Amino acid sequence: MTPKPKPRRTPPDAGPTTAVIIAVGSEFLTPHKIDTNSLFLTEQLNAVGITVGQKMVVADDAERLAAALRYGMTAAPLVVVTGGLGPTDDDVTRDVVASVLGRSLAVDSAIVEGIRARFASRGVVMPEVNRRQAEVPRGAEVIENPRGTAPGLWMHEASATIVLLPGPPRELRPMFEHIVAERLAGVAGGRRVYRRVVRTTGQTESHIDERVKPVYRLWRARAMPIDTTILASLGQIDLHLSLVSANRVEAHAALDAAVAELRTQLGSLVVSTDGRSLPAVVGELLTERRATLSVAESCTGGLITSRLTDVAGSSTYVRGGWTVYSNAAKVALLGVDPDLIDAYGAVSEPVAEAMAQGAQTKLDVDFGLSVTGIAGPGGGTPEKPVGTVCLALAGRTGSSRVRRLALPGDRERVKFQASQAALDLLRRALLRTG
């Protein structure tokens, strides 16, 4: 059942503040093709102060597209439709839009001649089927397409503005950037969407939400309301803050204040407030302190080192590492005492600490970081089930930080979360936050 849209609050004389995007194409409903146009359009609409309230992907089916268009026109004052403007029978967008709006279609001779000239420039006669692309709904404004044969169309209704754009990105993008965006900016009153991302690690989504909800609930009632979205990914929770404003200085000031409030609430859980990844933040901290690092990995199989070295300039602080999967490798390469392994097992705090100390001394670095664990699916015991991971960080002073974790998920998830926890252990040590 199609959800009932909320009533719009846009004043009659205001430009559109929200939009619905409809991507037309049966190929987007298969596992072989991704709708990238909607991502591009969202970014471009945000830049002129228009938020996207909903995105829909619709097959090349007249009935389904008509239903989507009718809903879109009740849900937002701007509906952007991409695709379905080609010359073939399955390109139904023009016909459906004209039918829903109750407008007749007429062939625009200037468009026909433009398409004919385009084919002639390549030494080809225009197929008659391309005349379909010159059919324009009554009252629609034509948007030129210098990159292809399908023009865009701009139509005003009492309830909404409808913009039709070609599907191929190489045609859609310049058309939007050079023509549509300028028109929308003119009616948006100089507004744009401003955003911040507060990246956290070390707690679950529900724990983060519990701590910050008292703060962000108050933001909605402010003169410049701030919307907050919490997005969870593996080992990381991001808080996305956004507001719409025509005043850049005031918008940045409001977001700065909001970010500061979140920092107060979350403390050392905050990794970055500018979108930087955990490895990038760790790299900057190591660089600032002119510190060096080596890594000893067992269950993560080199993932920590790989993530660290994905950051440009990491050769200034990463000196090297070992993937010591077997007990023999831990002993031979890192100097782990075999008696420790016999007494506590390879997955244990004492062995993790010995691995970190070996990594630190072997390369004479400031920090040695280690991880050992059971990633699964086999190898677990009642005392040490799958997901048991031990981390350690050793420094030149001989003191170590050691952690034991119980991580959920399959092998891939356990490995990534272990790498995230190890990097966060290092980050906290560099910040001296525990």
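Look a little higher up for the structure.
These figures come from a predicted structure and were not determined experimentally.

Reading the values: rules and limits
- Residues numbered from 1 in each chain as written.
- Predicted model: local features only at pLDDT ≥ 70, side-chain atom pairs only at ≥ 80, totals over all residues.
- Heavy atoms only, no water.
- Salt bridge = Lys/Arg side-chain N within 4 Å of Asp/Glu carboxyl O.
- Helix = DSSP H or I, 4+ residues; strand = E, 2+ residues; numbered from the N terminus.
- Buried < 20%, exposed > 50% of the residue type's maximum accessible area, 1.4 Å probe, protein only.
- Pairing = 2+ DSSP bridges.
- Right-handed = clockwise from strand over helix to strand, strands pointing away.
- Axes fitted to C-alpha atoms, helices over the stretch in contact; angles between N-to-C directions.
- Contact = heavy atoms within 4.5 Å.

Describe the pattern of salt bridges, listing the residues and the values that go with them.
Following the criterion strictly, the structure yields 18 salt bridges and no others. Across the salt bridge formed by E261 and R222, the nearest N and O atoms sit 3.0 Å from each other. Here E261, found in helix α7 (residues 248–266), pairs with R222, found in the loop between α6 (205–219) and β10 (227–233); they are 39 residues apart in sequence, far enough to count as distant. For E261, a relative accessible area of 27% puts it in the partly exposed group. The partner of D364 in a salt bridge is R396, with the nearest N and O atoms 2.7 Å apart. Of this pair, D364 sits in the loop between α12 (349–362) and β15 (367–373) while R396 sits in the loop between β16 (388–395) and β17 (400–406), and the two are 32 residues apart along the sequence. The class for R396 is partly exposed, based on a relative accessible area of 47%. Put simply, D274, R276 and E284 are held in one network by salt bridges that share partners.

So what's going on with the pairing of strand β14 (residues 318–323)? Residues and values would help.
Sheet analysis places strand β13 (residues 293–297) next to β14, joined by five bridges and oriented parallel. Looking at the pairing, S294 lines up with G320 of β14. For the handedness criterion, the β-α-β arrangement of β13, helix α9 (residues 303–309) and β14 is classed as right-handed.

Explain the sheet that holds strand β11 (residues 236–245) residue by residue, including any values.
Spatial ordering of the open sheet is given by β10-β11-β9-β12, a layout of four strands whose pairing is antiparallel. What marks the edges here is a single partner per strand, and that holds for β10 and β12 (270–272). Put simply, the sheet's adjacent strands are angled 30° from each other on average, direction ignored. Looking at chain direction, strand β9 (residues 192–200) and β11 are connected through nine bridges and run antiparallel. In the sheet register, R195 faces β11, and the bridge partner there is S242. Contacts from α6 reach β9, β10 and β11, with the element oriented near 170° to β10.

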